[in-house]
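# Residue-level structural notes
Chain by chain, the residues:
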Amino acid sequence: MSERQIELEVLRYRPEMDDKPFFQTYSVPCQEEWVVLDALNYVKDEMDRTLSYRWSCHMFVCGSCGMAINGEPKLACKAFLRDYQTKIRIEPLSNFPIERDLVIVQDDFIEKLESVKPYIIPKQEKPIDQGEYLQTPAQLKAYKQYSMCINCLLCYSACPQYALEEKFIGPAALALAHRYNMDSRDVGRSAREHVVASHDGIWACSFVGACSQVCPKDVDPAGAIQQVKFTSAVDYLTSFLPGGKR
Amino acid sequence: MSRKPYHREVSKTTWFLKQSRYQHYMLHEISSVFVAIYVGVLIVGLFRLAQGPEAWSGWLAAVTSPIGVIFHILVFIFSIIHTTSWFKAVPQAMRIQRGEEIVPGNLIIGAHYGVWAVVSVVVLLVAGVA
Ligand code: SF4
């Protein structure tokens, strides 16, 4: 196993003593097969215990270790050091306030996620002893891609619309609303509509598409949003037809 | 301990300079302006045609003048940018499921190019160019 010295330039912010963030450089002896998260763990374990960042699973499942690596939103567990030069700049995800060091404040996203009712709203609740709600493979396929979201927030960090308009519900929450709308067991589309199809929902998206490019799980939130725009526009137009809602 | 989150400002005017993918987006958006202007030019041409032969030949002279030709080349380039960037994005907005499979994006994009080619040939035939 070969070793390589990597310079990690990490943005630090310690709210109890700093007025603004600053870069601190750590020179880390790294193994060739390491990811950025391994290098950060080395710093934490061997060099500076005060460094704060989130992580948990180390295998692209928990969605905790999102950060900007050389300016690009990435999961630190999926960013292999072999793909980088010897100097790597690490910052907390952009478009979010910094809580401490690489830890961002996620409250805004959590509220927005709740607002789209990200759970199955069945036509009729049935008791557990009546068994599962059955679904065909084709019905599963319709939404499975959107259910892969791990709430890592890379998409929000890449989205210029969210950066400029913080009321925007944003990519992941809208993709998750779509995920439940597309689920054959769910009838909650109209209950989500007032948030999803609002000015701050899908219509605030100008389809830059950066969210889908950075998504580590190929959820394609940009695609989901455009599809919802289509169904929502059809809803609007058909509401003028005889028997429509209008 | 009380919290003191640090907010980073984003420039409202220069945000798109930050990343090449934002610049591509801007290029795509700006290309629509050229398409819109060209639609305007064609509509003016139609009005000129309705006003009689003199007005029409005046319009024709304007669009075939050196400046008119440069303008056409510019519009052509931006139209290509506009069309190809939209075609590239179509499979995202148009997700077609057949049974348990999603129709591959390249097929959808290919179909768009096919229709584009056919329509272009028809237009050229109707115009008597081809
Ligand atoms: S949509 Fe993708 S990038 Fe956005 S939170 Fe979900 S997994 Fe992360």
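Quick caveat: nothing in here was measured; it's all calculated off a predicted structure. (Residues numbered from 1 in each chain as written. Chains lettered and ligands numbered in written order. Predicted model: local features only at pLDDT ≥ 70, side-chain atom pairs only at ≥ 80, totals over all residues. Heavy atoms only, no water.)

## Brief notes about a nonpolar patch on the surface
Residue and element names in this part refer to chain B.
- Judged by side-chain polarity, Phe76, Ile80, Tyr113 and Trp116 come together as a nonpolar surface patch covering roughly 370 Å² of accessible area.
- Contributing elements (two or more residues each) for the nonpolar patch: α3 (66-93) and α4 (105-127).
- One can find isoleucine 80 in helix α3.
- We classify isoleucine 80 as partly exposed; its relative accessible area is 30%. (Patch = residues over 30% accessible without salt bridge, like charges linked within 9 Å, V, L, I, M, F, W, Y side chains within 5 Å. Areas by Shrake-Rupley, 256 points an atom, 1.4 Å probe, with all protein chains shown as cover. Salt bridge = Lys/Arg side-chain N within 4 Å of Asp/Glu carboxyl O. Helix = DSSP H or I, 4+ residues; strand = E, 2+ residues; numbered from the N terminus. Buried < 20%, exposed > 50% of the residue type's maximum accessible area, 1.4 Å probe, protein only.)

## A closer look at the sheet that holds strand β2 (residues 22-31) of chain A
Residue and element names in this part refer to chain A.
- Taken in spatial order, the five strands line up as β2-β1-β5-β3-β4 in an open sheet, and their pairing is mixed. The strands lining the two open edges of the sheet, one partner per strand, are β2 and β4 (72-75). Strand-to-strand twist of the sheet, defined as the mean angle between neighbouring strand axes without regard to direction, takes the value 35°.
- Packed onto the sheet, helix α1 (residues 36-47) meets β1 (3-12), β2, β3 (66-69) and β5 (87-91) and runs at close to 100° relative to β2. (Pairing = 2+ DSSP bridges. Axes fitted to C-alpha atoms, helices over the stretch in contact; angles between N-to-C directions. Contact = heavy atoms within 4.5 Å.)

## With respect to the pairing of β3(A)
Residue and element names in this part refer to chain A.
- Side chains of β3 alternate between two faces, with Gly66 and Ala68 and Met67 and Ile69 buried alike.
- With four bridges connecting them, β3 and β4 associate as antiparallel partners. Of the residues in β4, the one forming a bridge with glycine 66 is leucine 75.
- Between β3 and β4, which pair antiparallel one after the other, the connecting turn spans two residues, and asparagine 70 there sits at a positive phi close to 50°.

## Some details on the nonpolar core
Residues and elements named next belong to chain A.
- Counting 66 residues, the largest nonpolar core has Leu8, Leu40, Met67 and Tyr156 as the members making the most contacts within it.
- Viewed by domain, this core spans two of them, domain 1 (3-104) and domain 2 (107-238), each represented by three or more residues.
- Other than its neighbours up to four places away in sequence, tyrosine 156 contacts Asn95, Phe96, Phe109, Tyr162, Ile169, Gly170, Pro171, Ala172 and Ala173.
- Grouped together as the second largest cluster of nonpolar side chains are five residues, Tyr146, Ala175, Cys215 and Ala224 included. (Core = buried A, V, L, I, M, F, W, Y, C linked by side-chain atoms within 4.5 Å. Domains from an automatic or database assignment.)

## Remarks on the site of the ligand
- Around the ligand sit 13 residues, and of these Cys149(A), Cys152(A), Leu153(A), Cys155(A) and Cys215(A) come closest.
- Broken down by class, the residue content of the shell around the ligand amounts to 11 nonpolar, one polar and one charged. (Near = heavy atom within 4 Å. Nonpolar A, V, L, I, M, F, W, Y, C, P; charged D, E, K, R; others polar.)

## Digging into the confidence of the model for chain B
- Mean pLDDT over chain B works out to 94, with 98% of the residues at or above the 70 mark.
- Interface confidence for the predicted complex, expressed as ipTM, amounts to 0.89; the pTM equals 0.93. (pLDDT = per-residue confidence, 0-100.)

## Observations concerning the packing of aromatic side chains
- By the definition in use, this model includes 17 aromatic pairs over all chains.
- Seen in terms of ring centroids, Phe87(B) and Trp116(B) are 5.7 Å apart; in terms of plane orientation they differ by 90°. Their pairing is edge-to-face. On the criterion of sequence distance, the pair formed by Phe87(B) in helix α3 and Trp116(B) in helix α4 is long-range, its members being 29 residues apart.
- On the basis of relative accessible area, Trp116(B) is assigned to the partly exposed category, the value being 31%.
- Over the ring of Phe23(A) we find Arg89(A); its NZ or CZ atom is 3.9 Å from the centre of that ring. (Phe/Tyr/Trp six-rings, centres within 6.5 Å; stacked < 30°, edge-to-face > 60°. Lys NZ or Arg CZ within 6 Å of the ring centre and 35° of its normal.)

## Here we look at the domain arrangement of chain A
Residues and elements named next belong to chain A.
- Each domain of chain A was delimited in the assignment, giving domain 1 (3-104) and domain 2 (107-238).
- Each of domain 1 and domain 2 has a C-alpha centre, and these two points are 30 Å apart.
- Contacts between the two partners involve 16 residues from domain 1 and, on the opposite side, 14 residues from domain 2.
- When domain 1 packs against domain 2, close to 1,100 Å² is buried across both sides, 61% of that on carbon and sulfur atoms.
- A per-residue breakdown of the area domain 1 buries against domain 2 is headed by Pro73, Asn95 and Phe96, which together make up 45% of the total.
- Our count for the domain 1 to domain 2 interface comes out at zero salt bridges.
- At the boundary of domain 1 with domain 2, the tally comes to six residue pairs in polar contact (both at pLDDT 80 or more).
- Elements supplying a minimum of two residues to the side of domain 1 that touches domain 2: β3 and β4. (Buried area = accessible area lost by both parts, 1.4 Å probe. Polar contact = N/O pair within 3.5 Å; in protein donor to acceptor, adjacent residues only side chain to side chain.)

## Overview of the side chain of Asn95(A)
- Its location among the elements puts Asn95(A) in the loop between β5 and β6 (98-100).
- Engagement of the side chain of Asn95(A) in a polar contact is seen with the backbone oxygen of Ser157(A), the distance being 3.1 Å.
- Apart from residues no more than four positions distant in its own chain, Asn95(A) is found in contact with Tyr156(A), Ser157(A), Ala158(A), Cys159(A), Tyr162(A), Ala163(A), Arg8(B) and Val10(B).

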